[in-house]
Amino acid sequence: MVRYAGHMVGDVGFAVNAILPNTYAVKSGVFDGQTSLKINMKTRAVADYNVKGRVTNFGMIMPYTLGGYAQDHHIRADALQFELKPKYTAISGDITIANTATGRVDYTGQGDNKVGYFDGTIAHTFLQQFVKPEFVTLGTDMPVKIAYATDKKNPKNAKMTIKSTLKNTDLHFPFVGWKKQSDAVAGFDTTIRILPDRKYTISSVAQVGGTNPLYIKSALNINNGKVQSVDIPRAQFNDEKFSAIGVYHQNHMRWQVNADTLSREMVEFILEAHKSQEDTEKPSDIDVRYNVKQFVGYNGVKISPAIGRLVRTDGKIELFENRMTLADKDTDNYMLISYTPKKFQMLIDDLPAFYGALRQKNVFGAGRIVAVANADSAGVLNGQLDGTNVVFTNTPETARLLKLFSVVGVFEALESKNISFRRVAGEFRLKRGDLDIQNISALGNVGVSVKGNMNFKTDTVDVRGMIMPTFAISSFVSRIPVIGQLLTGVGGQGFLAQNYTAQGTMSDYKVSINPISLLTIGILRDIFAPVLKTDNVPVLIKE
């Protein structure tokens, strides 16, 4: 046995790379301190050692992967204090991880028990890799305090806490009430419990103060890299409060979301954030049940409650149910939508109220709509639509619709500023967002027919039909001598009607008015058969 004790000065890089050749590439470092060694000359093994001193000009390269980002982190330190003994390691000093972080590190490891601290800042350029710049732009580095410790009774378990406050952060949420908020101050307080077999629990509280405050408290359970459950006991945005519980089940998450109040801005934010994620990722399977005590939509319309469920598998909607009741109505006015690949049902008791809650500019003045469809052997939903007392108001949003009613005799409708239909009825076919309008007609102060296609996946519309004044249709029963001759043409060959087509995207389609046609009574009867019948009103199936 050989003993050595004394002062030592040497190259750290040579020593570390000789002992740990496959770990980290130490590029530089000079040790200056006291060393004592016991070496068994027969086995040439170090039997005991005690090294205590200082390393200057330390530099190393550490390959690292986080969130799919593989990088080589260049770590530097002007001076590190450390002490090494069997089953004991202590390191402290200021370090810099190039383009990543700067701060002080304190670490002590005694056997299986380890304690470490980091107090410094993380570079905003590094963090920006993990957040989308269209949502968040980090303006300054993030100060952070990290503490790590193993459980003394069970060293296989460990606990890590992360605390930070981030200032001067630009938040870009134009689809919520934020717009651009540069005065945001974000605070994070996270505890990570590390368990054996790659199990983790993460509890966190996040607060964003400023023009529009945001608070989220959450807990996650992770097993073998997969989230098993998520518990959000409290989340608040402005005056909105909600909670959520998610449980992993058969390769997807099952969610239950409860909210006291929820605005359309928050709903749009959630949908937009989810859509942005799926623009670059495979659509995830989801199963969400929700119960909102009060939903506040456009125009201050309040809905209480809103209850429903959404199930999507392999990017396809397998189930959607939604029932909303108007809060400020004496009667039980509600909207019901139920969809599966085998059945579709819809009832909207009050068109202007519900449409006004979901869209910023309302186009309806009155109306009620019912639709029921069932799938055939090919999976196509074949259905019937029926509406009563549907009124379109004269607004910029209905200008293109009103433009259709430019034939002689329809100007009465324009003067009243509304287009109204006593009844709208017809048949349609629906499969995976592709709507084929078989024959839908409407009678009111004008008569209209519609056939064609609306594709909600491609956001396109291609429909055609016919328009004619109501008093021409009324001459089915009673012909007025002068007007009847004017409308039916010389010799009573038929009725005058205006043909039209509408093509393009749903937000920007082009309307074309085609030449006037002569229609016989028989043809008119076929066109308006859906609204003339009384035995074709769809009935909702209660389950």
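Structure report, in brief. Remember, it's a predicted structure, so these values are computed and weren't measured experimentally.

Bringing the overall build of the chain into the picture now. A count of helices and strands for the chain gives 10 helices and 29 strands. For the chain, with 543 residues in total, the buried portion stands at 38%. Here the contacts in the chain between residues at least 6 apart in sequence split such that 46% fall between residues at least 24 apart. With the model as given, the accessible surface of the chain reaches about 30,700 Å², and the carbon-plus-sulfur share is 56%.

For the rest of this paragraph, the subject is the packing of aromatic side chains. Counted according to the given criterion, the structure contains four aromatic pairs. Arranged with centres 5.2 Å apart and planes meeting at 80 degrees, the rings of Tyr-355 and Phe-364 form a pair that is edge-to-face. We classify Phe-364 as buried; its relative accessible area is 16%. Summarising the aromatic geometry, the rings of Phe-392 and Phe-421 are spaced 6.2 Å apart at their centres and angled 80 degrees between planes, so their arrangement reads as edge-to-face. Of this pair, Phe-392 sits in strand S23 (residues 381-393) while Phe-421 sits in strand S24 (residues 418-431); the two residues are 29 residues apart in sequence, bridging distant segments of the chain. Taking the relative accessible area as the measure of exposure, Phe-421 reaches 7% and is therefore buried. Feature note: the residues Tyr-355, Phe-364, Phe-392 and Phe-421 constitute an aromatic cluster, connected by ring pairs. Geometry around Tyr-215 places Arg-234 over its ring, the cationic atom sitting 4.2 Å from the centre.

Here we come to the nonpolar core. Ranked by size, the top nonpolar core spans 45 residues in total, and within it Ile-303, Phe-344, Phe-421 and Phe-428 carry the most contacts. Core analysis: the next-biggest nonpolar cluster, separate from the first, contains 14 residues, Phe-31, Val-51, Phe-58 and Phe-82 among them.

Further remarks concern the side chain of Asp-350. Here Asp-350 lies in the loop between strand S21 (343-348) and helix H4 (351-358). Among the residues examined, Asp-350 registers a relative accessible area of 12% and is labelled buried. Within the structure, the side chain of Asp-350 is placed 3.3 Å from the backbone nitrogen of Ala-353, a separation counted as a polar contact.

Attention shifts here to the pattern of salt bridges. In the structure shown here, the tally under the stated rule is eight salt bridges. We note a salt bridge from Asp-94 to Arg-104, for which the minimum N-O separation is 3.9 Å. Of the two residues, Asp-94 sits in strand S5 (residues 88-97) while Arg-104 sits in strand S6 (residues 101-110), which places them 10 residues apart along the sequence. A salt bridge links Asp-260 to Lys-293, with the nearest nitrogen and oxygen atoms 3.6 Å apart. Here the residue Asp-260 occupies a position in strand S16 (residues 252-263), and Lys-293 occupies one in strand S17 (residues 286-296), the gap between them amounting to 33 residues. We classify Asp-260 as partly exposed; its relative accessible area is 38%. Judged by its relative accessible area of 54%, Lys-293 falls in the exposed class. Each member of the salt-bridge network shares a partner with another, and the members are Asp-94, Arg-104 and Asp-106.

Reading the values: the criteria
Residues numbered from 1 in each chain as written. Predicted model: local features only at pLDDT ≥ 70, side-chain atom pairs only at ≥ 80, totals over all residues. Heavy atoms only, no water. Helix = DSSP H or I, 4+ residues; strand = E, 2+ residues; numbered from the N terminus. Buried < 20%, exposed > 50% of the residue type's maximum accessible area, 1.4 Å probe, protein only. Contact = heavy atoms within 4.5 Å. Areas by Shrake-Rupley, 256 points an atom, 1.4 Å probe, with all protein chains shown as cover. Phe/Tyr/Trp six-rings, centres within 6.5 Å; stacked < 30°, edge-to-face > 60°. Lys NZ or Arg CZ within 6 Å of the ring centre and 35° of its normal. Core = buried A, V, L, I, M, F, W, Y, C linked by side-chain atoms within 4.5 Å. Polar contact = N/O pair within 3.5 Å; in protein donor to acceptor, adjacent residues only side chain to side chain. Salt bridge = Lys/Arg side-chain N within 4 Å of Asp/Glu carboxyl O.

So, to be careful, I would describe these as geometric facts and stop short of saying anything about function.
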